[in-house]
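# A structural walkthrough
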Amino acid sequence: MDLSFWLPLFFAGAMGLALLIYVLLDGYDLGIGMLLPFASEEEKDLMIGSIGPFWDANETWIVLGVGILLIAFPQAHGIVLTALYLPVTIMLMGLILRGVAFDFRVKAGDARKGMWNALFAVGSLIASAAQGWMLGAYITGLSDDTTGLLFSALIAVTLPALYVLLGSAWLLIKTDGALFEKAIRWGRNALLPMGLCLLLVSVATPLVSSVIADKWFTLPNAIGLLPIPLITATAYAGLVWLFNSSVILRSGYGWLIFAALTVICVMASIGLGYSLFPEIIIGRLDLWEAAAATESLLFIFWGTVITLPAILGYTFFIYRVFRGKATALSYD
Amino acid sequence: MELDPFMLARMQFAANISFHILFPTITIGLCWILLYFRVRFTLSGDKAWEYAYSFWVKIFALSFALGVVSGITMSFQFGTNWPGFMERAGNIAGPLLGYEVLTAFFLEASFLGIMLFGKERVSNRLHLISTALVAIGTTFSAFWILSLNSWMQTPAGYRIEDGVFFVESWWEVIFNPSFPYRFFHMLNASLLTAAFLIMGISAWRALKQVDGPATWRVMRTGAAMAAVLAPLQIWIGDLHGLNTLEHQPAKVAAMEGIWETEKGAPLTLFGFPDEEAKTTHFAIKVPKLASLILTHEWDGEVKGLNEFEGATPPVAPVFWAFRVMVGIGVLMLLVGWWASFTLFRQPLESRVEHPWLMRALSAMTFSGWIAVLAGWYVTEIGRQPWIVSGLLRSSEVVADHASATLMGTLLGYVGLYIFLLVSYIAALRYLATKPARSLSLLPQAKLFHKPDQEGV
């Protein structure tokens, strides 16, 4: 078996997985951040309570994603982060603000709670929009012409909608009563922009590169790939239907929204992965050109194989410990 | 000093990493202290330890959150500011950082949830284990990142092909010559910083008369730690210095302000190093002492800066930072002994009535931070102009950003950090002002003020 062929492939998969988990997990807590201004004071505490034990670990997945980019594909890491310098900086400031606001809002005294709540929401919005921008820029092959920038801007506006939906979906699992009803309304409102985001990303990739277009729209590939758009469309239709049949959501099936969103995100990742492969930066660099030395990859491969399942295991355990409806957090 | 993109990139990285290191320095040490509180409570059932835990875990959580968010920034800063470093040394730096994420970050961040919010949901034993796992996680994190930093100081176990580093032996890379010294020096620094933090805030509470039995126990814990760890730190620091002299003589020459190689070199206590004139003005010197300290011989040879023409670090910042670090270290030793001598002579369940000691301790609340920053400036500025000592220059790996971009983002970061630092200290002050909850443990007759249910 040729390690120099397989190891970059393994790490590309691991990076994709880490970023997918990041979008799903930090997506819901960023979404809840953006929804915070629309809730009453009591509901705010409950919403924060529903993400309290998880957000630190959720945010660690982006560190792993970027970490793998850095470890396994140092050449691409330099190019991507240099090109995305400004959005990355803006995203970091957003993440910093919201991360600390989470703690400060209950520890800095009631007089300042309003300010920290606002910073939590603003930070979440900034971070989400910046991530949208980065996704947009990445898909257009880091081009900086007008079309590219316009496209990045569109994704920056619509990706937060996905996070808002994830946030609402999380609240449908973790809360009940008035907040639950609000979450249904919030989710419904985010549905359309999120669909637009999805559509844009799907349409843009083949437009950017004729190689990608050929991959999708030539026979027999087109038929084999058909399940990806079909499953995505079905899940989206399911979301629309569920939000309009809120009686199902109220009778204990709120988690279906999160499940449908997970399906959509998984399909989008597979689609994106297929489009890009074997490139890591469209039109510039492929996986193997960007990869680190095989002996370095092998060293971290063993670490990943041992620790990643353990991480997934205890993540699952933590979610089990804190299962059930959320209560406002108490540090005592 | 001209603000070219290279200088700005360095300043930005320095601003980020200086802000970041403040918080891990607290959490690495504080988490082991929390574990100690937890163990004492579990063994004795004494509620005061429980109250001590629940007070300090809040400060831990706040510090941890600041460490996490500023740490995420660091993980991007390598790529945004020094892309060439990862392209050239990625084969070595990448896996070390990767192991930090995999073995430390997730462990800390995940079990922190249980540590903070899980007391009602899990058994005392599992809660204790979670605290221990977070403590182990923070220490693992220090292990990997210090291994990488030490490798950049004293590279080993590598070969270079076409300017790119490859690994020959992971063992030699990880356990490179300066790693054991730097690791224990930093761990101990962390424990000392946390010890002075817990003593300082407890002393401040005593001065404000909002202290209780838990506050007194915490203060004694800090005093005992300081009394033992401060001398230990001076000893480790000495060993670390000998190691640096062997591997990075230019750094030591800058620390000591020694320009010409000489035998029986005098120790410069104070002075003003001047790189233009290659001399230290108004130097106050003690004959032969530098040779004695650095080589443990009266007539040992110490290399001067003039031997390293074109590859010397900026002298004045290294020289001064070193004196600040050593000065605070000595102060910690004196205050640590004073506190132990005073606190352990009086009965456990009584207030501490030593206003001068209390003032000294609360003045030294953040002394660990200053010493740690100064120490890191010595070792990092002292490594310049290299990013990997003797092999790769910092200027070769810098990103190609416009000065305006770098200046704008630098100002943004600095503004944000000042705001956060002020907020952090204000929050600590706010938490510390609430009357101690452990007061409820005292018999009524002993009360000197009313316990407050809202307080902690």
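Residues numbered from 1 in each chain as written. Chains lettered and ligands numbered in written order. Predicted model: local features only at pLDDT ≥ 70, side-chain atom pairs only at ≥ 80, totals over all residues.

## So, the overall build of chain A
Helix and strand content of chain A: 15 helices and two strands. In terms of overall dimensions, chain A is globule-like: its C-alpha atoms have a radius of gyration of 20 Å, near the 20 Å expected for 332 residues. Summarising its shape, the C-alpha atoms of chain A cover approximately 55 × 40 × 40 Å along the three principal directions. Residue burial in chain A is summarised as follows: out of 332 residues, 53% are buried. (Helix = DSSP H or I, 4+ residues; strand = E, 2+ residues; numbered from the N terminus. Rg over C-alpha atoms; globule rule 2.2 N^0.38 Å. Buried ≥ 20, exposed ≤ 12 C-beta atoms within 10 Å, placed from the backbone.)

## Some remarks on the overall build of chain B
When you go through chain B residue by residue, the secondary structure sums to 14 helices and eight strands. Its C-alpha radius of gyration of 23 Å places chain B within 12% of the 23 Å reference for a compact globule of 456 residues. The C-alpha extent of chain B, read off along each of the three principal axes, is 70 × 50 × 40 Å. Going through the 456 residues of chain B one by one, you find that 55% of them count as buried.

## Here's the deal with the interface of chain B and chain A
If you look at the interface, chain B gives 57 residues, while chain A gives 53 residues. Every element with two or more residues in the side of chain B that touches chain A is listed here: helix H2 (47-81), helix H3 (83-117), strand S2 (164-167) and helix H14 (403-433) of chain B. The biggest single contributor to the side of chain B that touches chain A is H3(B), with 22 residues. When grouped by side-chain class, the residues that make up the side of chain B that touches chain A number 35 nonpolar, 19 polar and three charged. (Contact = placed C-beta atoms within 7 Å. Nonpolar A, V, L, I, M, F, W, Y, C, P; charged D, E, K, R; others polar.)

## Let's talk about the confidence of the model for chain A
Keep in mind that low pLDDT regions are not for reading the predicted coordinates in detail. On average, residues of chain A score 87 in pLDDT, and 98% of them are at 70 or above. Per-element mean pLDDT across chain A ranges from 80 in helix H9 (residues 210-217) of chain A up to 92 in helix H1 (residues 3-35) of chain A. (pLDDT = per-residue confidence, 0-100.)

## Let's talk about the pairing of strand S4 (residues 267-274) of chain B
Remark: a regular strand shows side chains that alternate across the two faces of the sheet. Residue and element names in this part refer to chain B. With six bridges joining them, S4 and strand S5 (residues 279-286) adopt antiparallel strand pairing. Its bridge partner lying in S5, Leu267 is registered against Val286. Taking the residues that link successive antiparallel strands as the turn, the S4-S5 hairpin has four residues, and the phi of Lys278 there is positive, at about 50 degrees. (Pairing = 2+ DSSP bridges.)

## Here's the deal with unusual backbone geometry
In this structure, the amide linkage connecting A:Phe277 to the following residue, A:Pro278, adopts the cis form with an omega of 0 degrees. One can find A:Pro278 in the loop between helix H13 (255-276) and strand S1 (279-281). Geometrically, the link from B:Gln384 to B:Pro385 is a cis peptide bond, its omega value of 5 degrees lying close to zero. Mapped onto the secondary structure, B:Pro385 falls in the loop between helix H12 (367-381) and strand S7 (386-388). For B:Gln209, which is not glycine, the phi torsion reads 60 degrees and is therefore positive. Inspection of the secondary structure puts B:Gln209 in the loop between helix H6 (179-207) and helix H7 (213-247).

## Digging into the environment of A:Ala310
Within the secondary structure, A:Ala310 sits in helix H15 (residues 294-321). Considered as a pair, A:Ala310 and A:Ile257 are 53 residues apart in the sequence and their alpha carbons are 28 Å apart.

## With respect to the packing of helix H8 (residues 178-208) of chain A against helix H11 (residues 227-244) of chain A
Residues and elements named next belong to chain A. In the contact formed by H8 and H11, the axes pass within 10 Å of each other and the chain directions differ by 150 degrees. Judged on the interaxial angle alone, H11 and H8 are roughly antiparallel. Seen along the crossing, H8 lies across H11 with a hand that is left-handed. The segment H8 lies against H11, with Ile184, Gly187, Arg188, Leu191 and Gly195 engaging Tyr236, Leu239, Val240 and Phe243. Across the contact of H8 with H11, the residue classes break down as six nonpolar, two polar and one charged. (Axes fitted to C-alpha atoms, helices over the stretch in contact; angles between N-to-C directions. Parallel < 35°, antiparallel > 145°, perpendicular 65-115°, else oblique. Left-handed = near helix turned anticlockwise from the far one by under 90°.)

## Regarding the environment of A:Leu200
Checked against the element boundaries, A:Leu200 lands in helix H8. Apart from residues no more than four positions distant in its own chain, A:Leu200 is found in contact with A:Leu154, A:Ile155 and A:Thr158.

## Some thoughts on H14(B)
Spanning 31 residues, H14(B) covers 45 Å between terminal C-alpha atoms, matching the ideal 45 Å at 1.5 Å per step. Of the surrounding elements, those touching the buried residues of H14(B) are helix H5 (85-107) of chain A together with helix H1 (5-44), H2 and H6 of chain B. (Expected span 1.5 Å × (residues − 1).)

## A look at the nonpolar core
Residue and element names in this part refer to chain B. Ranked by internal contacts, the top residues of the largest apolar core, which has 273 residues, are Leu34, Ala52, Trp56, Ala195, Met199 and Ala226. Sorting elements by how many residues they give to this core places H3 first, with 21 residues. For Ala195, the residues in contact, after removing those within four places along its chain, are Gly222, Met225, Ala226 and Leu229. (Core = buried A, V, L, I, M, F, W, Y, C linked by C-beta atoms within 7 Å.)

## Section: the environment of A:Val266
Summarising the element assignment, A:Val266 is placed in helix H13. Separated by 249 residues in sequence, A:Val266 and A:Leu17 place their C-alpha atoms 9.2 Å apart.

## Some remarks on the pairing of S2(B)
Bridging between strand S1 (residues 158-161) of chain B and S2(B) involves four bridges; their strand directions are antiparallel. In the strand pairing of S2(B), B:Tyr158 is matched with B:Val167.

## Quick look at the packing of H2(B) against H3(B)
All names here are of chain B. Two numbers describe how H2 lies on H3: the axes approach to 11 Å, and their chain directions differ by 160 degrees. Considering the angle they form, H2 stands roughly antiparallel to H3. Handedness of the crossing formed by H2 with H3: left-handed. In this structure, H2 contributes Val57, Ala61, Phe64, Val68, Phe78 and Gly79 to the contact, and H3 contributes Pro83, Phe85, Met86, Ala109, Leu112, Met115 and Leu116. The residue inventory of the contact of H2 with H3, partitioned by class, reads twelve nonpolar, one polar and no charged.

## Quick look at H7(B)
Between its terminal C-alpha atoms H7(B) stretches 49 Å, which fits the 51 Å expected from 35 residues at 1.5 Å a residue. Of all the bends in H7(B), the largest measures some 25 degrees and sits at B:Leu229, one to four residues before the proline B:Pro231. (Bend = angle between axes of the 7 residues up to and from the residue.)

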